[in-house]
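Single-letter residue listing:
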Amino acid sequence: GPVGGARGARTRGSKSIGAGGVYAGAFDRGFPGRGFMIVVTGASGRTGGAMARALLEKGEKPRVVGRDAKKLHPLVQSGAEASVGNLEDSEFLARAFVGASAVYLVLPEETSRNDFRAHQECVSDSFAAAVPNAHVPYVVSLRRVDGRHR
């Protein structure tokens, strides 16, 4: 499936959609182009927030996903659309992903949780269920593994 096989980037033609700098100039090169709606999970965090801000700076209107509306508010004030809910809820995620041309999935790093790995697995399973249900054609999935948590 799109998520299970997406370890990094999925390509379209010879161009790849990826987290490492592709978005910084992708719109200037005409790919993917205006009107390409991107959903960003973890938008109130470091990586997802940087992605959402970069899209906003390029004039895009991303849909930002998080569990705290107050933390998403600055992005909404800049033109993003917020979708507030629980990343463990695949039905919520499928609704948040409807109409997206691409999703940027950030696996949460809630290291303070006793069930850190179990939580990540649950969120990953929700992503895997939601993407095909919402018919999202492109996925970028980011998962950072810190040596402290192996």
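Provided above is the structure to which this section pertains.
Residues numbered from 1 in each chain as written. Predicted model: local features only at pLDDT ≥ 70, side-chain atom pairs only at ≥ 80, totals over all residues. Heavy atoms only, no water.

Quick look at the sheet that holds strand β6 (residues 102–106)
Spatially, five strands are ordered β5-β4-β3-β6-β7 in an open sheet, and the strand pairing comes out parallel. The sheet terminates laterally at β5 (81–84) and β7 (138–142), the two strands that pair on one side only. Geometrically, the sheet is characterised by an average inter-axis angle of 15 degrees between neighbouring strands, direction not taken into account. As paired strands, strand β3 (residues 38–41) and strand β4 (residues 63–66) are joined by three bridges and run parallel to one another. (Pairing = 2+ DSSP bridges. Helix = DSSP H or I, 4+ residues; strand = E, 2+ residues; numbered from the N terminus. Axes fitted to C-alpha atoms, helices over the stretch in contact; angles between N-to-C directions.)

What about helix α2 (residues 46–57)?
When the terminal C-alpha atoms of α2 are compared, their 16 Å separation across twelve residues agrees well with the 16 Å that a helix rising 1.5 Å per residue should span. All of the buried residues in α2 are Gly-48, Gly-49, Met-51, Ala-52, Leu-55 and Leu-56. Buried residues of α2, seen end-on, are gathered within an arc of 160 degrees and therefore sit on one face of the element. Along α2, the residues that are exposed and aim more than 90 degrees away from the buried face are Arg-46 and Glu-57. (Expected span 1.5 Å × (residues − 1). Buried < 20%, exposed > 50% of the residue type's maximum accessible area, 1.4 Å probe, protein only. Arc of directions from axis to C-beta.)

Concerning the pairing of β5
As judged from the four bridges shared by β4 and β5, these two strands associate in the parallel manner. Bridged to Val-65 within β5 is Ser-83.

Re the pairing of β6
Of all five residues that make up β6, five are buried, and the element is covered over most of its length. The side-chain alternation of β6 yields two buried faces, one formed by Ala-102, Tyr-104 and Val-106 and the other by Val-103 and Leu-105. Direction of pairing for β3 relative to β6: parallel, over a ladder of three bridges. Within β6, the position partnered with Val-40 by the bridge is Tyr-104. Across five bridges, the pairing between β6 and β7 is parallel. Among the inter-strand pairings, Ala-102 is bridged to a residue of β7, identified as Tyr-138.

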